[in-house]
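Chain by chain, the residues:
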Amino acid sequence: MDTSSRRSTLTVTLCFIVALIEGLDLQSAGIAAAGIRQAFELDQKMMGWMFSASIIGLLPGAFFGGWLADRIGRKRVLIGAVILFGIFSLWTAYVSSVNGLLLARLMTGLGLGAALPNLIALCAEAVEERRRGTAISIMYCGVPLGGAIAAVVGMLGGESWQTVFIVGGVAPLLVAPLLIFALPESRDFREQHQGAAPVRESTVRALFGGGRAGATLALWVSYFFTLTVMYMLLNWLPSLLLAQGFSKPQAGTIQMLFNIGGAIGSLLGGLLLDRRGRTGVVLFAYGGVLASLAGLGFASGMLAMAIAGFAAGLFIIAAQLVLYALAPPAYPTSVRATGVGAAVAVGRLGSVSGPLAAGQILAAGAGTAGVLLAASPGLVIAALVVLGMSRRRAAEAPATSTTSH
């Protein structure tokens, strides 16, 4: 294995480890929801705010994490983000007030948000273009696997809801030194910053200049609606299952299957993107999400619900992977992390909306089926926008390839 291949492998491996921990922390609130609700005596609406506090932090974290990474480096920002979400995840386990809980989740989200665009940029820039989908999918499958680990930790922790936050806080603080000494900085970033100082584009021009306005808006719309549904499921699925009469171990099992399906969906989505046309992958992913949501809404027995949960994880993560793979090529190296970070940040608006909307719908008495039905129109819009973007890029590809060679 040559030096370049070793660097690529090391980058993707370390990013996978961080994604694994990020997935654990992203789902920790959902896993601990029943214990938190009892400990702090929260109603449905306040539970929605508890879920959304960390997601609100994800939005500025993703945007400024990407913006800063284009200036000081992907590696530095990633390490700072990992330390930040480690400290505040640990703090979540020891807060004694509702305000303290919300602040701890907000700051955890800030770190988690800053990490993701840098994980995507590092993996995208570590390999050649034809392998980008696979590299990002390998990294990103760590997120649902981390969620599955969170479900296991929640089951092993029994009545102690703090356990999942302690594990989610200690793990990133242990990994941070490894990143400092072993993670290579992006070669594209280093080459961009060698010699003369690079010309800085304004954020508006970075996102909308150079013919990028259409791609930026398409990414924003599709990220928003897809992440609305994803975070609705990540945060509310355990509670919805308990409300349907499933036991806590059964709900934990279904949540674990959801995440295992997500890991498979991430790998499958990346492999298909690098080998097949985007149109088929988009139809496969979003059609599967709609079908699995119907399954979650109408399944009654444990087996049927387990299958629906597994399928929902597989297809929603495959859909999200498609979006994460489409974003990096839409921007040049000098503004890539800014572009990816902005798309992820807009997606976080959907992440905030999803749990809050689910809380309101449940409080109104619509039930599980009402929550899942409300999510469907947005998925159709996201799929149509991604299809339009893919076809436009396919039409532009021949012209781009002739001018670049």
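Thresholds, definitions, all that
Residues numbered from 1 in each chain as written. Predicted model: local features only at pLDDT ≥ 70, side-chain atom pairs only at ≥ 80, totals over all residues. Heavy atoms only, no water. Helix = DSSP H or I, 4+ residues; strand = E, 2+ residues; numbered from the N terminus. Buried < 20%, exposed > 50% of the residue type's maximum accessible area, 1.4 Å probe, protein only. Polar contact = N/O pair within 3.5 Å; in protein donor to acceptor, adjacent residues only side chain to side chain. Contact = heavy atoms within 4.5 Å. Phe/Tyr/Trp six-rings, centres within 6.5 Å; stacked < 30°, edge-to-face > 60°. Patch = residues over 30% accessible without salt bridge, like charges linked within 9 Å, V, L, I, M, F, W, Y side chains within 5 Å. Areas by Shrake-Rupley, 256 points an atom, 1.4 Å probe, with all protein chains shown as cover. Salt bridge = Lys/Arg side-chain N within 4 Å of Asp/Glu carboxyl O. Domains from an automatic or database assignment. Buried area = accessible area lost by both parts, 1.4 Å probe. Nonpolar A, V, L, I, M, F, W, Y, C, P; charged D, E, K, R; others polar. Expected span 1.5 Å × (residues − 1). Axes fitted to C-alpha atoms, helices over the stretch in contact; angles between N-to-C directions. Parallel < 35°, antiparallel > 145°, perpendicular 65-115°, else oblique.

## Details of the side chain of E125
- Along the polypeptide, E125 turns up in helix α5 (residues 98-126).
- With a relative accessible area of 3%, E125 lands in the buried category.
- Of the polar contacts made by the side chain of E125, one reaches the side chain of R336; its length is 3.1 Å.
- Not counting the four nearest positions on each side in its chain, E125 is found in contact with R74, S186, D188, F189, T333 and R336.

## Quick look at the packing of aromatic side chains
- Enumeration over the complete set of coordinates arrives at nine aromatic pairs.
- Both rings, one in W161 and one in F165, keep their centres 6.0 Å apart while their planes meet at 80 degrees; by these two values the pair is edge-to-face.
- Seen from their ring centres, F208 and W220 are 5.6 Å apart, and the 80 degrees between their planes marks the pair as edge-to-face. In this pair, F208 sits in helix α10 (residues 203-208) while W220 sits in helix α11 (residues 213-243), placing the two residues twelve residues apart along the sequence.
- Among the aromatic residues, ring-to-ring pairing joins F40, W161 and F165 into one connected group.

## Re a nonpolar patch on the surface
- Where nonpolar side chains cluster on the molecular surface, the patch consists of W49, I56, W91, L103 and L106 and spans about 430 Å² of accessible area.
- Within the residue set of the nonpolar patch, elements represented by two or more residues are α3 (44-72) and α5.
- By the secondary structure assignment, W49 is in helix α3.

## Observations regarding the side chain of N118
- Within the secondary structure, N118 sits in helix α5.
- Polar side-chain contacts of N118 include one of 3.4 Å to the backbone oxygen of G65.
- Setting aside residues no more than four positions away along its own chain, N118 makes contact with G65, A69, R74, V77 and L78.

## Quick notes on the domain arrangement of the protein
- Each domain of the protein was delimited in the assignment, giving domain 1 (1-187) and domain 2 (201-400).
- Tallying the contact residues gives 47 residues for domain 1 and 51 residues for domain 2.
- Carbon and sulfur atoms supply 68% of the area buried between domain 1 and domain 2, which totals about 4200 Å² over both sides.
- Seen at the junction of domain 1 and domain 2, the total is one salt bridge.
- Among the salt bridges present, the one from E125 reaches R336, with a minimum N-O distance of 3.1 Å.
- Broken down by secondary-structure element, the contributors of at least two residues to the side of domain 1 that touches domain 2 are α1 (3-31), α3, α5, α6 (132-140) and α7 (142-156).
- Sort the elements by how many residues they give to the side of domain 1 that touches domain 2 and α3 lands first, with 18 residues.
- When its residues are assigned to classes, the side of domain 1 that touches domain 2 shows 28 nonpolar, eleven polar and eight charged.

## Regarding helix α8 (residues 163-182)
- Compared with an ideal rise of 1.5 Å per residue, which puts 20 residues at 28 Å, α8 spans 29 Å between its outermost C-alpha atoms and is within 8% of the ideal.
- Buried within α8 are the following residues: V164, F165, G168, G169, P172, V175, A176 and L179.

## Regarding helix α14 (residues 302-326)
- For α14, built from 25 residues, the straight-helix expectation of 36 Å at 1.5 Å per residue is met to within 8% by its first-to-last C-alpha distance of 36 Å.
- Within α14, 20 of the 25 residues are buried, leaving the element largely enclosed by the surrounding structure.

## What about the pattern of salt bridges?
- Counted according to the given criterion, the structure contains four salt bridges.
- Between D70 and R74 there is a salt bridge, with the nearest N and O atoms lying 2.8 Å from each other.
- With relative accessibility at 2%, the residue D70 sits in the buried group.
- One salt bridge in this structure joins D188 and R336, with 3.8 Å as the shortest N-O distance. Highlighted residues: D188 in helix α9 (residues 187-192) and R336 in helix α15 (residues 336-363), separated in sequence by 148 residues.
- Note on R336: relative accessible area 6%, which makes it buried.
- By sharing partners, the salt bridges in this structure join D70, R74, E125, D188 and R336 into a single network.

## Focus on the packing of α6 against α7
- Axis separation between α6 and α7 bottoms out at 5 Å; the angle between their running directions is 10 degrees. In terms of orientation, α6 lies roughly parallel with respect to α7. Contacts between α6 and α7 involve I138, M139 and Y140 from the former and G142, V143 and P144 from the latter.
- Grouping the amino acids of the contact of α6 with α7 by side-chain chemistry returns five nonpolar, one polar and no charged.

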